[in-house]
Amino acid sequence: MSEIMSNINIYFADGNKRTAKKGTPSLIKNLKKTAEIALAFFEGGDFFLDIYFVGDGEIRRLNKKFRGKDKVTNILSFKEPDEFPHPEIAGAGNKESAKKFKYLGEVCLAPEYIKKHNEDIRELLVHGILHLFGYTHNNKNDTIIMVRRENKILKRLRSQTI
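This section reports on the structure supplied with the text. (Residues numbered from 1 in each chain as written. Predicted model: local features only at pLDDT ≥ 70, side-chain atom pairs only at ≥ 80, totals over all residues. Heavy atoms only, no water.)

Let's shift gears to unusual backbone geometry. Despite not being glycine, Asn118 shows a phi value in the positive range, around 55 degrees. In this structure, Asn118 sits in the loop between α4 (111–116) and α5 (121–132). (Helix = DSSP H or I, 4+ residues; strand = E, 2+ residues; numbered from the N terminus.)

Here helix α1 (residues 24–39) is 16 residues long and its end C-alpha atoms lie 22 Å apart, about the 22 Å a rise of 1.5 Å per residue gives. The set of residues buried in α1 consists of Thr24, Leu31, Thr34, Ala35, Ile37, Ala38 and Leu39. (Expected span 1.5 Å × (residues − 1). Buried < 20%, exposed > 50% of the residue type's maximum accessible area, 1.4 Å probe, protein only.)

Moving on, we come to the pattern of salt bridges. Evaluation of the coordinates by the stated rule reveals five salt bridges. When the shortest N-O distance is used, the salt bridge between Arg61 and Glu58 registers 2.8 Å. A residue pair is termed a helical-turn pair when its members lie 3 or 4 positions apart in one helix, as Arg61 and Glu58 do in helix α2 (residues 56–67) at three residues. We note a salt bridge from Asp70 to Arg60, for which the minimum N-O separation is 2.8 Å. Of this pair, Asp70 sits in the loop between α2 and β3 (75–79) while Arg60 sits in helix α2, and the two are 10 residues apart along the sequence. Since its relative accessible area comes to 43%, Asp70 is described here as partly exposed. (Salt bridge = Lys/Arg side-chain N within 4 Å of Asp/Glu carboxyl O.)

Before going further, it helps to spend a moment on the packing of aromatic side chains. Under the definition given, this model contains four aromatic pairs. When the centroid spacing of 5.3 Å and the interplanar angle of 85 degrees are considered together, the rings of Phe47 and Phe133 count as edge-to-face. Residue Phe47 is located in strand β2 (residues 46–53), and its partner Phe133 is located in the loop between α5 and α6 (140–159); the two are separated by 86 residues in the primary sequence. With a relative accessible area of 23%, Phe133 lands in the partly exposed category. Among the aromatic residues, ring-to-ring pairing joins Phe42, Phe47, Phe133 and Tyr135 into one connected group. Sitting over the face of the ring of Phe42, Arg149 holds its NZ or CZ atom 5.0 Å from the ring centroid. (Phe/Tyr/Trp six-rings, centres within 6.5 Å; stacked < 30°, edge-to-face > 60°. Lys NZ or Arg CZ within 6 Å of the ring centre and 35° of its normal.)

Closest axis-to-axis distance for the α1/α6 pair is 9 Å, and the angle between their directions is 130 degrees. By the angle between their axes, α1 is oblique relative to α6. Of the two elements, α1 crosses α6, and the hand of that crossing is right-handed. Residue-level contacts link Thr34, Ile37 and Ala38 of α1 to Ile153, Arg156 and Leu157 of α6. (Axes fitted to C-alpha atoms, helices over the stretch in contact; angles between N-to-C directions. Parallel < 35°, antiparallel > 145°, perpendicular 65-115°, else oblique. Left-handed = near helix turned anticlockwise from the far one by under 90°. Contact = heavy atoms within 4.5 Å.)

Right, here's the structure in full:
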């Protein structure tokens, strides 16, 4: 595991303040810590990650648009295309600083769906982050590799006090 610096942004993108009621500061802290633990398993510099809370309608729209599946889901990950410019993380014009940062992409979580299905939002976040690093579960071998990495991260996560 490497020691990294990360910039993790969390947004409530659905406009539904019901998903952002009591516990929001602790939820945000918890998810940031979860992401930091997951990101520490990867080499390659310092990472930027955006996490969005979206409503069921928005996650369904995104699922249909990008995956062709017209249904609500718990999480979607959108990997940042390689070489996509990000002047906002360019280290205030310092090219050397900019080289070490990597914008991974976005993870969209649907808290209403997750709660309704009794799922663990931290486990789903780890799963989404693995997708941003290219892990898949498209076939048996890929699934085994992804689940092994996921279990290592979750073991570390459970051993931490968050």
